[in-house]
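Single-letter residue listing:
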Amino acid sequence: MLGLLAWRNLWRMPRRTIIILISIIIGTWGMVFMKTLMTGLMHQMIESSIRTLTGHVQVHRTGFFNDPSIDYTMDSVRDITRKLQGLPENVYWTQRVRVPGVVSNARNSAGIVIVGIVPEDEARVSFIGSAVAEGQYLTNEDEYGILIGESLARKFETEPGKKLVLTSQDREGRIASGGFRITGIFRAETDETEEHFAFILLPSAQRMLKMGDAVSELCFMAPNMDQVPPLRQWLQSRIGNDTYEVMSWKELLPLITSTLEIWDGFIYIWYAILFVAMAFGLVNTMLIAVYERFRELGVLRAIGMKSRWIITQITIEAVWLLIIGIVLGDLLTLAAVQWLVHAGGINLSAYAASAEQLGFPKIIFPVFKVTELIVPNALVLFLGIVVNLYPAFKAGGIAPVQAMTHN
């Protein structure tokens, strides 16, 4: 009965009720929309980093992670691959040579990372298989073919069919170089990636660097994130020892992992700021509502309504308002996310340089997940009830005599 009475009381003054609802809707929208934006941003940063040669899990010689040079290569690849028997079929993997080097043509030179790949395997675990924007992807017959990024091609004023020279240190400590012809030009999420990597065939890299059949790393891609911990544990039990280390993407990307932790903390600060602003509006409006009904509440007290019933009724009114505001705020967020996705996301191309320094993608797409509504919605509901206790107790403490003389 108190619930029905509270509902009817809300709509006796619809303008006041709508004002309170608007403040709750905006507050809820601000919390949830920021969460969807950050979820989308973090998801894209992680996916982009994993697809940019990191993979879900890597195996390499101990020390390679801190010093990715040719001095830390894996010699016994055949022994290692034999240990991979029993690897789930839906886990893809590849082997690579990855060494620092220099790329040059007649007019330009730049420092890059030379990546020797197996084209078919590499296409399953990284972005490069579907990133060629001009020319074509490497095949096993492209012994002297090379893929470079669009930014590097623009900087070198070159194109497919033109020649480039790669230079690096071979395994014997001597300068090694080789001429390659541009097979294709790839496009990546960031200009840094396009300028930082050049891809050639694995046998070509091994021959140029006199590595035999040694490689720098093995990269594994699980079907989804949930499979990463068991995959890492399985590889650790088969391969991990003092010579080889097995690392998951969280260990390989410490900056991304730290950023995730910082953003997780930041979102709660954002929740607090929005809630404080919303709470002031809620308490002030509820107090005004209580004073507008001063005489009515006094009469209820005079005819025997207990103080706790009045407190309960005011609290139920607040709960009705909070529930309606939260639902409408969530729906408004869903509509905003859908609109942004169909509109092509939030384009940061105009701030590409700053975005790249922060590791942000050029275009951000918010991600709406129902499970991520739980925390902000619960916070708004719980804290909304708590701050409403002040006007509720104020109403419950009204003396009948005081109410009769109130103007």
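Before going further, it helps to examine the pattern of salt bridges. By the definition in use, this model includes 12 salt bridges. Residue Asp 75 is joined to Arg 171 by a salt bridge in which the shortest nitrogen-to-oxygen separation is 2.1 Å. Here the residue Asp 75 occupies a position in the loop between β1 (57-61) and α3 (77-83), and Arg 171 occupies one in the loop between β6 (163-169) and β7 (175-186), the gap between them amounting to 96 residues. With a shortest N-O distance of 3.6 Å, Arg 174 and Glu 172 are connected by a salt bridge. The exposure classification of Arg 174 matches that of Glu 172, with both residues exposed. Overlapping salt bridges, with partners in common, bring together Arg 96, Arg 98, Glu 122 and Glu 217 in one network.

On to the environment of Thr 28. Relative to the helices and strands, Thr 28 resides in helix α2 (residues 14-54). Linking Thr 28 and Leu 373, residues 345 residues apart in sequence, is a C-alpha distance of 9.7 Å. With residues near it in sequence (within four places) discarded, Thr 28 still touches Met 278, Gly 325, Ile 326, Gly 329, Asp 330, Asn 377 and Val 380.

Moving on: the packing of helix α10 (residues 254-292) against helix α14 (residues 374-396). Packed helices, taken two at a time, are described by their axes: the angle between them and the distance between them. Where α10 contacts α14, the two axes come as close as 9 Å, and the packing angle between them is 30°. Between α10 and α14, the angle falls in the class roughly parallel. Seen from above, α10 lies across α14 with right-handed handedness. Every residue of α14 that contacts α10 at Tyr 268, Tyr 271, Phe 275, Met 278, Ala 279, Leu 282, Val 283, Met 286, Leu 287, Val 290 and Tyr 291 is listed here: Val 375, Pro 376, Leu 379, Val 380, Leu 383, Gly 384, Val 387, Asn 388, Tyr 390, Pro 391, Lys 394 and Ala 395. Partitioned by chemical class, the residues of the contact of α10 with α14 number 20 nonpolar, two polar and one charged.

A grouping of Leu 4, Trp 7, Trp 11, Ile 18, Ile 22, Ile 26 and Trp 320 is seen on the molecular surface, where their side chains present a nonpolar patch of about 650 Å² in accessible area. Counting residues per element, the nonpolar patch draws most heavily on α2, at three residues. Structurally, Ile 22 is set in helix α2. Owing to a relative accessible area of 43%, Ile 22 belongs among the partly exposed residues under this scheme.

Mean pLDDT over the chain: 86, with 96% of residues reaching 70 or higher. Here helix α13 (residues 352-357) is the element of the chain with the lowest mean pLDDT, 65, and strand β5 (residues 145-149) is the one with the highest, 96.

As a further point, take the nonpolar core. Grouped together as the largest cluster of nonpolar side chains are 62 residues, with contacts concentrated most on Ile 146, Ile 148, Leu 166 and Phe 220. Setting aside anything within four residues of it in sequence, one finds Ile 146 in contact with Leu 138, Leu 164, Leu 166, Phe 180, Arg 181, Ile 182, Thr 183, Gly 184, Ala 198, Phe 199 and Ile 200. Listed in part, the 30 residues of the second largest apolar core include Leu 10, Leu 21, Tyr 271 and Ala 395.

The rules behind these values
- Note that residues are indexed from 1 along each chain, following the sequence as it is written.
- Reporting in this predicted model follows two pLDDT cut-offs: at least 70 for local features of residues, and 80 or more for side-chain atom pairs to be given and counted; totals over whole chains, interfaces and linings ignore these cut-offs and use all residues.
- As a rule here, side-chain values come from all non-hydrogen atoms in the structure, and water together with hydrogens is ignored.
- Only one rule defines a salt bridge in this text: a Lys or Arg side-chain nitrogen within 4 Å of an Asp or Glu carboxyl oxygen.
- Secondary structure counts use DSSP, requiring at least four H or I residues in a row for a helix and at least two E residues in a row for a strand, with both numbered from the N terminus.
- Accessibility here uses a 1.4 Å probe with only protein chains present; expressed as a share of the type maximum, an area under 20% marks a residue as buried, one over 50% as exposed, and anything in between as partly exposed.
- Contact criterion: two residues are considered in contact whenever any of their non-hydrogen atoms come within 4.5 Å of each other.
- Fitting a line to C-alpha atoms yields each axis, with helices limited to the stretch in contact; the angle taken between N-to-C directions then spans 0 to 180 degrees.
- For classification, angles of less than 35 degrees are called roughly parallel, those exceeding 145 degrees roughly antiparallel, those between 65 and 115 degrees roughly perpendicular, and all remaining angles oblique.
- Two helices crossing with the near one rotated counterclockwise from the far one by less than a right angle form a left-handed crossing, whereas a clockwise rotation gives a right-handed crossing.
- Following the grouping adopted for this structure description, the nonpolar residues are Ala, Val, Leu, Ile, Met, Phe, Trp, Tyr, Cys and Pro, the charged ones are Asp, Glu, Lys and Arg, and the polar ones are all others, Gly among them.
- Every patch collects residues that have over 30% relative accessible area and no salt bridge, joining them within 9 Å if they carry like charges and within 5 Å if they are nonpolar side chains (Val, Leu, Ile, Met, Phe, Trp, Tyr).
- Residue exposure ignores everything except the shown protein chains as possible cover, and the areas themselves are Shrake-Rupley values with a 1.4 Å probe.
- A residue's pLDDT is simply how confident the predictor is in it, with values from 0 to 100.
- Here, nonpolar core refers to any group of buried Ala, Val, Leu, Ile, Met, Phe, Trp, Tyr and Cys residues whose side-chain atoms link them within 4.5 Å.

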